[in-house]
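Secondary and tertiary structure notes
The lines below spell out each chain.
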Amino acid sequence: MASMLLNSMRTCPVSPARAVQYAARSLSTTTQLQAQVQTKSKKTLARPSVKNIVLVEGVRTPFLMSGTTYVSSFHWGLLHKTGIPKDAVDYIIYGTVIQEVKTSNVAREAALGAGFSDKIPAHTVTMACISSNQAMTSAVGMIAAGQCDAVVAGGVEFMSDVPIRHSRKMRKTMLSLNKAKTLGQRLGLIGSIRLAHLAPELPAVAEFSTAETMGHSADRLAAAFGVSRVEQDEFALRSHTLAKKAQDAGLLKDVISFKVPGRDIVSKDNGIRPSSMEQMAKLKPAFIKPHGTVTAANSSFLTDGASAVLIMSEEKALAMGYKPKAYLRDFVYVSQDPKDQLLLGPTYSTPKVLERAGLTMDDIDVFEFHEAFAGQIMANLKAMDSDWFAQTYMGRKSKVGTPPTEKFNLWGGSLSLGHPFGATGCRLVTTVAHRLQKEGGQYGLVAACAAGGQGHAMVIEAYPQ
Amino acid sequence: MAFARAAGVLSKFAVSKYPLLSGHASRSLSVSSSLAARTHVSYELKDDVAVIRLNDPTSKVNTLSVQMQSELSEVMGEIWSNGAVKSAVLISSKPGCFIAGADINMIQACKTSEEVTHLSQEGQKMFEKIEKSPIPVVAAINGSCLGGGLEFAIACQYRVATKSKKTILGTPEVMLGLLPGAGGTQRLPKMVGLPGAFDMMLTGRNIRADKAKKMGLVHQLVDPLGPGLKPAEERTIEYLEEVAVGLAKGIANKKVALTKEKGLMQKLQDTVMGLGPVKQKIYKTVSEKVQKQTKGLYPAPVKIIECIKTGVEQGREAGYLAEAENFGKLAVTPESKALIGLYQGQVICKKNRFGTPEKEVKKLAILGAGLMGAGIAQVSIDKGLNTILKDTAVEGISRGEDQVYKGLNTKVKKKALTSFERDAILSNLSAQIDYTGFDSADMVIEAVFEDINIKHKVLKEIEAVIPPHCIFASNTSALPIKDIAAASKRPEKVIGMHYFSPVDKMQLLEIITTDKTSKDTLASAVSVGLKQGKIIIVVGDGPGFYTTRCLAPMLAEAVRVLQEGTGPKKLDTLTTSFGFPVGAATLADEVGIDVAAHVAEDLGKAFGSRFGGGNVEVLKTMVENGFKGRKSGKGCFIYGKGKKEKSVNSDAEEILQKYKLSAPPSVSSDSDIQHRLVSRFVNEAVLCLQEGILTNPVEGDIGAVFGLGFPPCLGGPFRFVDSFGAEKLVSMMRRFEDVYGNQFTPCQLLLDHAKDPSKKFHK
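Cut-off values and rules
Residues numbered from 1 in each chain as written. Chains lettered and ligands numbered in written order. Predicted model: local features only at pLDDT ≥ 70, side-chain atom pairs only at ≥ 80, totals over all residues. Heavy atoms only, no water. Helix = DSSP H or I, 4+ residues; strand = E, 2+ residues; numbered from the N terminus. Buried < 20%, exposed > 50% of the residue type's maximum accessible area, 1.4 Å probe, protein only. Contact = heavy atoms within 4.5 Å. Areas by Shrake-Rupley, 256 points an atom, 1.4 Å probe, with all protein chains shown as cover. Buried area = accessible area lost by both parts, 1.4 Å probe. Salt bridge = Lys/Arg side-chain N within 4 Å of Asp/Glu carboxyl O. Polar contact = N/O pair within 3.5 Å; in protein donor to acceptor, adjacent residues only side chain to side chain. pLDDT = per-residue confidence, 0-100. Arc of directions from axis to C-beta. Pairing = 2+ DSSP bridges. Axes fitted to C-alpha atoms, helices over the stretch in contact; angles between N-to-C directions. UniProt positions renumbered as here; feature names shortened; annotations may be inferred. Phe/Tyr/Trp six-rings, centres within 6.5 Å; stacked < 30°, edge-to-face > 60°. 1 Å grid on protein atoms, 1.4 Å probe; cavity = no way out; pocket = protein on both sides within 12 Å on 5 of 7 lines; lining within 4 Å. Points joined across faces, edges and corners; volume = space filled by probe spheres on them. Nonpolar A, V, L, I, M, F, W, Y, C, P; charged D, E, K, R; others polar. Disulfide = S-S within 2.5 Å.

**Regarding the overall build of chain A**
A count of helices and strands for chain A gives 14 helices and twelve strands. Split into buried and exposed, the 465 residues of chain A put 57% on the buried side. Counting only contacts in chain A whose residues sit at least 6 apart along the sequence, the fraction spanning at least 24 positions is 82%. A total accessible area of about 18,500 Å² is found for chain A, and carbon and sulfur atoms account for 55% of it.

**Some thoughts on the interface of chain A and chain B**
With 18 residues of chain A at the contact, the number on the chain B side is 16 residues. Together chain A and chain B conceal approximately 1,500 Å² of surface at their shared face, both sides included; 63% is due to carbon and sulfur atoms. Its largest share of buried area at the contact with chain B, chain A owes to Ala224(A), His291(A) and Trp388(A), together 35% of the area lost on that side. For the pair chain A and chain B, the number of links is zero salt bridges. Here chain A and chain B share five residue pairs in polar contact (both at pLDDT 80 or more) between them. Elements supplying a minimum of two residues to the side of chain A that touches chain B: helix 6 (214–224) and helix 12 (387–393) of chain A.

**Remarks on the confidence of the model for chain A**
On average, residues of chain A score 83 in pLDDT, and 84% of them are at 70 or above. Segment residues 8–39 of chain A is flagged for pLDDT under 50; beyond a separation of four residues in sequence, or across chains, it makes 117 contacts in the model.

**Observations regarding helix 2 (residues 106–113) of chain A**
All names here are of chain A. Burial in helix 2 covers these residues: Val106, Ala107, Ala110 and Ala111. Down the axis, helix 2 shows its buried residues gathered within 130° of arc, on one side only. Positive backbone phi, at 85°, marks glycine 115, one or two positions downstream of helix 2.

**Observations concerning the sheet that holds strand 10 (residues 220–222) of chain B**
Residue and element names in this part refer to chain B. Pairing within the open sheet is mixed, and its six strands lie in the order 1-2-3-5-7-10. Every other strand in the sheet has two partners, leaving strand 1 (41–46) and strand 10 as the edge strands with one partner each. In this sheet, neighbouring strand axes are inclined to one another by 20° on average, regardless of whether the strands run parallel or antiparallel. As judged from the six bridges shared by strand 2 (residues 49–54) and strand 3 (residues 87–92), these two strands associate in the parallel manner. Looking at the pairing, valine 49 lines up with serine 87 of strand 3. Contacts from helix 8 (residues 232–252) reach strand 1, strand 2, strand 3, strand 5 (137–141), strand 7 (158–162) and strand 10, with the element oriented near 160° to strand 3.

**Topic: the UniProt feature "domain: Thiolase C-terminal" (unreviewed entry) in chain A**
Those residues carrying the UniProt feature "domain: Thiolase C-terminal" (unreviewed entry) are residues 322–461 of chain A in this numbering. For residues 322–461 of chain A, the end-to-end C-alpha separation is 17 Å, with 36% helix and 21% strand making up the annotated structure.

**Here's the deal with the packing of aromatic side chains**
Residue and element names in this part refer to chain B. Summed over all chains, the structure comprises 23 aromatic pairs over all chains. Here the aromatic rings of phenylalanine 720 and phenylalanine 724 are separated by 4.9 Å at their centres, their planes lie at 20°, and the arrangement is stacked. One end of the pair is phenylalanine 720 and the other is phenylalanine 724, both in helix 28 (residues 717–724) and four residues apart, which spans about a single turn. By the burial criterion, phenylalanine 720 is buried, and phenylalanine 724 matches it. On the numbers, 5.9 Å between centres and 40° between planes, the contact of tyrosine 740 with phenylalanine 744 is tilted. For tyrosine 740, a relative accessible area of 14% gives the class buried.

**Thoughts on empty space enclosed by the protein**
Residue and element names in this part refer to chain B. Scanning the entire structure with this criterion turns up six cavities of 30 Å³ or more. Counted as a void, the largest cavity has a volume near 260 Å³. Residue lining of the largest cavity: 22 residues in total, with Ala102, Glu151, Gly181, Ala182 and Phe327 positioned closest to the centre. Counting only elements with at least two residues in the lining of the largest cavity, the list comes to helix 3 (104–108), helix 4 (113–131) and helix 5 (148–155). Among the residues forming the lining of the largest cavity, the class breakdown is 14 nonpolar, six polar and two charged.

**Overview of the state of the cysteines**
Disulfides are covalent bonds that link the sulfur atoms of two cysteine residues. Residue and element names in this part refer to chain B. Summed over the entire model, instances satisfying the criterion amount to zero disulfides over all chains. Take cysteine 349: it sits in no disulfide, and the sulfur closest to it among the cysteines is that of cysteine 550, at 15 Å. Look at cysteine 349 and you get buried, because its relative accessible area is 1%. For the unlinked cysteine cysteine 713, the closest cysteine sulfur is that of cysteine 550, found at 18 Å.

**Topic: unusual backbone geometry**
Residues and elements named next belong to chain A. Cis geometry marks the peptide bond from lysine 289 to proline 290; its omega dihedral reads 0°. Relative to the elements of secondary structure, proline 290 occurs in the loop between helix 8 (277–281) and strand 8 (303–313). Despite not being glycine, alanine 211 has its phi angle at roughly 60°, a positive value. Mapped onto the elements, alanine 211 comes out in the loop between helix 5 (183–191) and helix 6.

Following this line, the structure appears as structure tokens:
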């Protein structure tokens, strides 16, 4: 499985690619149990008619700021041992956002490259920042439907190497050139190329429907909810500080180190940079100038990385001798106005998923929200705390309430760890599982926003120790 | 059916939906006692920034009324005398409106031009004080900032505006026959350069925030916000205020520069524009252009040029004086009164006086995907109405869909829409050749061929498939609605909705009720029309209703004039120089010679010899020869793609030769020909009022100007009677009557007005 990660990363960039180096950790460590705090006894969310689906293991590469670690070539000799026989996996699903045209079904290419049996089908999903959430819930769906028993779900993003296209006119000329039959036609077409045609098209992190970049939208969202620059900087600082603490304490166990030939082994996320409020205050707004509040320091950064989880039916996991980490319970997807509520996914999805699971905010012990921007998190928290918003825009009787700080993103978040678009979802779920084990909670909640004005939330229940 | 592209020019007069000068009764409230509590202007201190908030409690928009002005001067005085205040922010608390302009009643209440000049000078003084303010004043603009509002804003030291679609800046005074009379003609040229200032003031067009920033009209933009803990608009205004306060502090501390360093190109451009001969050339070009477009019928543009020129050439003092004096002069011109009348009439015709319909129309079905049908579809889907466009043939709907797509795509090209929005809008349209989905339609508008039998057939087919509450509207231009309703099982649901072509450009909608049409049906039709952005007149039933009925005698007269040997070109010149945006011959081509023949024949049957004049055979022969007007490439003129100059169709002239009449010299001078055409139009309009087809003269004026292109400078047929004099008109008509007979017999109401000069259609 770890090699799966590796290969998914290899298939992404074309050579000479900038890439992350990493070494894999065997999934066979899965069954090792750590000493646990005893879980509070709460009712379980198991339902008689619904299959129990478990998270067996979750791993990820270190998340690296795009362009920080790169080598000109890769050597992929290593095939890592996994605890699971490669043919015991029934299906593979991967999420990704910015696709490389050559590997549009990156899941399949990665699986083949990683040495998984070529009899295992694989498909790729995309749903912006919640792509790997979609990969996981698709897996849950397949297992629940009795189609499979063991699915590898994951996500990958390679911002250091995004496909850059020729301009539309150039593409058109080149395509016509393919069809041109005579030399004269070809020369004519070549002659029609102008300097302007050579300008490439860069992909932008902008909404197609509104042409607004996400940072710009986040800044407007923060302003709409009256989130100040200081509040955002404070939250970003908290994220970095907590991430640093978690990293130093060795809590980020899902990270597996990775060796790139000719380079050192990379074993840590490299975007964690606790700074000071003074330092952060010096930065100029990145999107809305000059009066905006979203800066480089209080936004998540472009990140390279991959993640994966092994999801199984409980029966199968136990039969194979695994000790599952957690149950994956109810989940929801929501969507709203992509212009003014682009990043409010968690606000919409949290009450909905709680309702489905029959839980309240108080029942949740561990919260892991995707931090796209500090301003976005703060805006969501304010929206969740507003009766007016719940009544006016969500058609609910009252607010859902805000997660308590002491349960919220305690090991850092996307702001500090990084946010490889397609890979963040698996990190969130794995972190919840690990935190539940570590902190002894029973229920965890994952929530995330995504481009397109979509959102996701999932309830995770600790596996009895 | 299709009445003219005529309103190309008119669209300029179509003052946007944001009232620029709204007349309201605030004047009666203006107690100028300093003891009275302030109701329009308030301020609070935020640190050392005074935030001045404008909010006229008596109206939906802020206007620079007497009350507003006096409270403002008071507040400014207090702020200036407060040493703790280092800067100020001027903002409106009204959603969607900064200041929509001066109070129109204030100007109308003046008896003499001197009084108006005085008003102008007061405004100039007030804004000059703001300009010379010892502390910086930041204008924070959200929503319409027009006329006097813009003049106020540009007197401030700094301007920040929201990038909202509702934020528009402009000097629309010219559309009311006025000029920016509070320093605008003096400040704008300095701010946006001579060509920019001419463009703004002579066209009066609205400028969006991003364009305003490019032009240098505003310094900075603020994005509109979505909903947060408060409604979006409210929070956006708060946010704008926060940003403006920050800027005000920055300007006071000299951290924010008031002027941007000009680029090399800009400097170069400014130098060139500053050269004497260049300036002279600009004045000359602009004057010539104005003369060509207005034909000397509109005095305001000329005065605007004069004011700008005086200010630039002779300095500020002289400029201010010229501005105030000319403003006074213009305010008392009949042209200005006519245009203001139209503006006010248009405001009335954009309100639903018939109440809220029981059931809102959400799904509309249109029959016939021709020019009209597709046009109606276009203005419906972009307002979010689910629309079915049905035709009998696939080719028909394909052409119709193309037309809608092209119409929307033009907006994309002009950046008024994004391509994404265009596609989203198009998703509201369902083009089809069957009656699927009609069972859930709330209203059906038919735009099929003008033949009573076809209309009856369609009506019966439709009534078999639509739900009981569904309204059936006919887009006919001449067939009486009661005749169409005769085939209906539920005549209370039948109504006439007469659109004008091209539907997306022409603003008028004529709604026709029969005595059986229910109130709710009318309310529904009006609310749909308003949603489509139309100016609506509601008229009684009868052949040709109001608009077609007025146009028909004028066209009949035009044919006679042609038969009498006046060429199409000359006829066009005569009509356009009278103020019609489109010449009579061109108009006939635009309407379609076949349609004109059809209408002339129908109405001729209905009204008898009064509708005679030119020989209908002329039109019929032209149609037989294939000269159906613009659509067939030949009519009175020959139309070709890409040709700008149209040439006279010599074959049509031959036909005219065949039907030649001799021109009676006593009534064939240029002026007589003009008045023959106009008096028949006007007489028929007055007769419509007399017969109750029209309920009031206001709708008559609006219908004639916005639907038929009656000269806007005359304000419509009724205002024309008032200003020209009924008596004079009647005596003129008597003279024509002597030659031609009853076509020129003045109607009773006109005679009444002629007898008693105190009788006026407009007070």
